[in-house]
There are 2 protein chains.
Amino acid sequence: MTPQAKEKFMQAAIVEAQKAQAKGEVPIGAVVVHEGQIIGRGHNLRESQQDSLAHAEVLAIREANQALNSWRLNDCQLFVTLEPCPMCTGAILNSRLDAVYYGASDLKAGACGTIMNLLDDPRLNHQADVEKGICQKECLSLLQDFFQQLR
Amino acid sequence: MTPQAKEKFMQAAIVEAQKAQAKGEVPIGAVVVHEGQIIGRGHNLRESQQDSLAHAEVLAIREANQALNSWRLNDCQLFVTLEPCPMCTGAILNSRLDAVYYGASDLKAGACGTIMNLLDDPRLNHQADVEKGICQKECLSLLQDFFQQLR
């Protein structure tokens, strides 16, 4: 995938993050891409739905499963503004995604390289590539501005 | 919790696993307990729903979130027939469950003690107790019989 394509898809994930922000949610967004097309979108809805599972990645993956009518997302890539937590990284493995591109690292719970890397564990039955730092500054600003306004 | 209570709740998880089996799904079932009452039930629906996230634990946790109208499941316990995978263990952490009781160990993907223990990682912002082997023989037989019939 070209750097331009990666930026384009991360911008779509950022649009999702802004939707979360508009609802008073921590601004995190994700999209799933299949053959160059976005087939799943999601933004964090934990507070609005009072659902501990309603992370952006989970919602984007579920929409992609529906779009392909398959739980298998081989040949698909996930773009997400913040590094996935252990739950979402497990969801990435369970759905057999090819690759994960994320913007900002999550120093507290990042499971795609920061505090651990579940995508690269040979004991599990699937591995996925990971690339960090796509539109990093913009993804990080969204989060920093949100938490600054809370204080 | 008394051994009798643990067995009673695991039997309810086994009933869920049998529902999955009746639908041709790998027989795994789960329940969430709050103050001695079952507030969430789930069984594996990955194939019927073509949803990579439709594990028993995820569905039981979502139902419990709805029952309490809260994403926080403090003071709740999860009973599940098979040791949770990384995704489900992450979901347990994200929903702040107190404790996990499981029947059979998952030698391939168990993330509550077998190949890793995400419930006991001091770097993450929540930890949960875990006890394995509740109604182990029955939980394991369900799975073994299912896979034997497939062959």
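Residues numbered from 1 in each chain as written. Chains lettered and ligands numbered in written order. Predicted model: local features only at pLDDT ≥ 70, side-chain atom pairs only at ≥ 80, totals over all residues. Heavy atoms only, no water.

Here is the rule we go by: UniProt positions are given in the numbering used here, feature names are shortened, and annotations may be inferred rather than shown by experiment.
Where an unreviewed UniProt entry is consulted, chain A appears under the name tRNA-specific adenosine deaminase, with the organism given as Ligilactobacillus equi DPC 6820. Listed in UniProt under the heading Sequence similarities (unreviewed entry), the comment for chain A reads: "Belongs to the cytidine and deoxycytidylate deaminase family. ADAT2 subfamily." Per UniProt, chain A carries the Subunit (unreviewed entry) text "Homodimer."

## Re the sheet that holds strand 5 (residues 129-132) of chain B
Residue and element names in this part refer to chain B. Rules: When DSSP finds two or more bridges between a pair of strands, those strands are recorded as paired. Counting from the N terminus, the helices are DSSP H or I runs at least four residues long and the strands are E runs at least two residues long. Between N-to-C directions, angles span 0 to 180 degrees; the directions come from axes that are lines fitted to C-alpha atoms, helices contributing only their stretch in contact.
Strands sit in the order 2-1-3-4-5 across an open sheet of five strands; the sheet is mixed. Each edge of the open sheet carries a strand with a single partner, namely strand 2 (37-43) and strand 5. Strand-to-strand twist of the sheet, defined as the mean angle between neighbouring strand axes without regard to direction, takes the value 15°. In this structure, strand 1 (residues 29-34) lies alongside strand 2, joined through six bridges in antiparallel fashion. What sits directly across from V33, in strand 2, is I38.

## Thoughts on the relation of the copies chain B and chain A
The relation between the two copies of this chain is a rotation about an axis and a shift parallel to it. Just so we agree on the cut-off: For this overlay, a least-squares fit was computed on C-alpha atoms, restricted to residues scoring pLDDT of at least 70 in both copies. Should any heavy atoms of two residues lie within 4.5 Å, those residues are counted as being in contact.
With an RMSD of 0.0 Å, the fit of chain B onto chain A corresponds to turning through 180° and sliding 0.0 Å along the axis. The transformation just described matches what one would write down for a two-fold rotation axis. Closest approach to the rotation axis within chain B is made by the C-alpha atom of M87(B), at a distance of 2.1 Å. Interface overlap between copies: 100% of the residues of chain B at the interface are likewise at the interface in chain A, consistent with a symmetric, same-surface contact.

## Brief notes about the side chain of N94(A)
Note on placement: N94(A) falls in helix 4 (residues 86-94). Ignoring anything within four residues of it in the chain, the contact list for N94(A) reads W71(A), S52(B), H55(B), C85(B) and M87(B).

## Quick look at unusual backbone geometry
Our working rule: A 1.4 Å probe rolled over the protein chains alone gives each residue an accessible area, and that area as a share of the maximum for its type sets the label: buried under 20%, exposed over 50%, partly exposed in between.
Phi is positive for Q50(A), which is not a glycine, with a value near 45°. Among the structural elements, Q50(A) can be located in the loop between helix 2 (46-49) and helix 3 (56-68). Even without glycine at this site, N69(B) takes up a positive phi of about 50°. Tracing the backbone through its elements, the reader meets N69(B) in the loop between helix 3 (56-68) and strand 3 (76-82). Residue classification places N69(B) among the exposed positions, given a relative accessible area of 59%.

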